[in-house]
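Spelled out from the first residue to the last, the chains are:
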Amino acid sequence: MTTSVRTRFAPSPTGDMHIGGVRTAIFSWLTAKHHDGLFFMRIEDTDQDRHVAGSCRRILETFDWLGIQLDGGPDHASLQAMKSEEDYPGALNDGSYRGIPGPFIQSQRLPHYREWAEWLVANGYAYRANETPEELERLRADVISRKEVWSFREEMRLRADVDPSQPHVIRMRVTPRDGTTHLRDLVKGDVAFENANIDDTVLIKADGYPTYHLANVVDDHLQGVTHVIRGDDWLSSAPKHVLLYKYFGWEMPKFAHVPNVLGEDGRKLSKRHGATSVFEFRDQGYLPEAVINFLAMLGWAPGEGDEQNVFTISELIEKFSEDHIGSSPAVFSYTKLDWLNGVHIRRMPVAELARLLTPFVQAAGIALDSPELKAQFMAAVPLIQERIKTLKDAAGLIDFMFTDIPPVPAASLVDKKMDQATSLNALRETREVLAQLADFDPTQMEHAMRALAERLNVKAGPLFTIVRNAVTGKSVTPPLFGTISVMGREITLQRLDRAIDALSR
Ligand code: GLU
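Note that the structure is predicted; figures quoted are calculated from it, not measured.

**Considering the packing of aromatic side chains**
1) Next: For the coordinates displayed, the defined rule picks out 23 aromatic pairs.
2) Next: With a centroid separation of 5.7 Å and an interplanar angle of 40°, the aromatic rings of Trp 119 and Phe 248 are classed as tilted. Highlighted residues: Trp 119 in helix α5 (residues 110-122) and Phe 248 in helix α8 (residues 238-248), separated in sequence by 129 residues.
3) Next: What makes Phe 248 buried here is its relative accessible area of 7%.
4) Next: Judged by centre distance (4.1 Å) and plane angle (20°), the rings of Phe 248 and Trp 250 are stacked. For the pair Phe 248 and Trp 250, a shared accessibility class is recorded, and that class is buried.
5) Next: The side chain of Arg 171 reaches across the aromatic face of Phe 152, ending 3.9 Å from its centre.

Here it is as structure tokens:
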């Protein structure tokens, strides 16, 4: 028996991971890590019709980007080494890891399910049945027409003697027929289900594959799972699982059925609300640690009186507790995610931020293809670190430093508080001051420019506005003198000359 905490993420390979599924995976992972336990992944592919090729790789890429390591599972290198036509990396196929028995793909574990289904039959907890889909449909319609709840029962069998060598299914025998089955859930509390409403569910299908219910219970037991953390859309399946654990005489894991993630309009989060795939968030310039921080707080809070919102990964691991998962649906606020992302960006070392920003600014057309440009970019990063919410925001704040700007219209070069002649003169004087400045650094520059405003008897604000427009072509930029200093003297003077020229015509 396992004593240490073990959790799993058990996706079906049916497409990209929805952000709500990622949140559930994060809860499982944090539970394991908080207790110094293991977190692993199992692919639940028993519904072969729904299999979407490439899903497993995308799921693994999601974890890889988030920086969540599956214990003993495929790592970054093995993911990179996967051939494009391969559906599963070796680490999931191969034996066992860290004491957890594999393989980790259900279609490769079929003998286990068969063995335990036969055990249930032999011990009276399951039976064979062979009604055709058409016969089942007729039975169902009959029950529904009597306004009763449809659940298959042994008594409905059309042929009680089923030849085991012929195609058939194995169904669980819900016992007792009346009474209630209780689930003690960490999130939902004590939930009671009427046995009368629990279907004699198929455990082994006619194609020999198990259904989700049997495979999930058998695997969670054999793989020593201590906490089953999953979306609450699985709550209605839980009584079947509770019964199976009882029939087998196995210790029940702890269950936590986590409420859905909703959009701000109270409806289930979907494309309608915005991005829902982790890859979209990655491509829009969100940081993995911000996404984890944000998702961890969708339905979990550190506890009474603790107002902390911003967490590093190790703080989350330290503070997370499965006992504090909330029972009401969590609302996905894109505004909060933006805010958190900005906070995590500001906490980052500049060099690391520059490394992460590079592909984004390059994609926006800023070529950082010489050591000079790279150095200039490094100098620009601290200017924008305070101002960006996503990595994608950066290019728009610094592009004018690296690419030519369109001619600045004369109207932007004359401030409302200064007439044309004063503005022109101010720009000329600015050019001289900047040309003469001994060190082209922000402090000296600001000092000299304030002195100039005084000498010209104009207000510093309007003066700085027209200078900003002239040298950047934008009315909003990172701090002016830091920006000018990063741009360098040569380009700054050229742009001032162009502005002076435009105003003199
Ligand atoms: N395969 C199920 C899914 O796709 C797993 C549910 C569970 O965690 O038990 O969500």
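Next, the rest of the story.
**Quick notes on the site of the ligand**
1) Next: Around the ligand, the neighbouring residues are Arg 8, Ala 10, Ser 12, Glu 44, Tyr 212, Asn 216, Arg 230 and Trp 234.
2) Next: Measuring from a nitrogen atom of the ligand, one finds a side-chain N or O atom of Glu 44 at 2.6 Å.
3) Next: Between the ligand and Tyr 212 there is a distance of 2.8 Å, counted from an oxygen atom to a side-chain nitrogen or oxygen.
4) Next: For the ligand, whose unbound accessible area comes to 300 Å², protein coverage reaches 83%.

**Focus on the environment of His 182**
1) Next: As for its position among the elements, His 182 is in strand β5 (residues 180-185).
2) Next: Looking at His 182, the relative accessible area reads 42%, which means it is partly exposed.
3) Next: The residues contacting His 182, other than those within four sequence positions of it, are Asp 190, Val 191, Ala 192 and Val 242.
4) Next: Here the side chain of His 182 touches Thr 180 through a polar contact of 3.4 Å, side chain to side chain.
5) Next: Within the structure, the side chain of His 182 is placed 3.3 Å from the side chain of Asp 190, a separation counted as a polar contact.

**Some words on the packing of α5 against α8**
Helices that pack against each other are described as a pair by the angle of their axes relative to one another and the distance between those axes.
1) Next: Here α5 crosses α8 at 75°, and the two axes come no closer than 11 Å. Here α8 runs roughly perpendicular to α5, going by the angle between their axes. On α8, the residues touching Trp 116, Trp 119 and Leu 120 of α5 are Leu 244, Tyr 247 and Phe 248.
2) Next: For the contact of α5 with α8, the residue count by class is 6 nonpolar, no polar and no charged.

**Remarks on the nonpolar core**
For soluble globular proteins, the rule of thumb is that nonpolar side chains tend to be buried together.
1) Next: Counting residues in hydrophobic clusters, the biggest one holds 90 residues, and the most contacted among them are Ile 26, Met 41, Phe 63, Leu 214, Phe 248, Leu 295 and Phe 332.
2) Next: Per-element tally for this core: the top contributor is helix α1 (residues 19-34), with 8 residues.
3) Next: Excluding residues that lie within four positions of it along the chain, Phe 332 makes contacts with Ile 19, Val 261, Leu 262, Glu 264, Leu 269, Phe 281, Phe 294, Leu 295, Leu 298 and Leu 337.

The rules behind these values
- Residues numbered from 1 in each chain as written.
- Predicted model: local features only at pLDDT ≥ 70, side-chain atom pairs only at ≥ 80, totals over all residues.
- Heavy atoms only, no water.
- Phe/Tyr/Trp six-rings, centres within 6.5 Å; stacked < 30°, edge-to-face > 60°.
- Helix = DSSP H or I, 4+ residues; strand = E, 2+ residues; numbered from the N terminus.
- Buried < 20%, exposed > 50% of the residue type's maximum accessible area, 1.4 Å probe, protein only.
- Lys NZ or Arg CZ within 6 Å of the ring centre and 35° of its normal.
- Near = heavy atom within 4 Å.
- Polar contact = N/O pair within 3.5 Å; in protein donor to acceptor, adjacent residues only side chain to side chain.
- Areas by Shrake-Rupley, 256 points an atom, 1.4 Å probe, with all protein chains shown as cover.
- Contact = heavy atoms within 4.5 Å.
- Axes fitted to C-alpha atoms, helices over the stretch in contact; angles between N-to-C directions.
- Parallel < 35°, antiparallel > 145°, perpendicular 65-115°, else oblique.
- Nonpolar A, V, L, I, M, F, W, Y, C, P; charged D, E, K, R; others polar.
- Core = buried A, V, L, I, M, F, W, Y, C linked by side-chain atoms within 4.5 Å.

In short, geometric facts, not functional conclusions.
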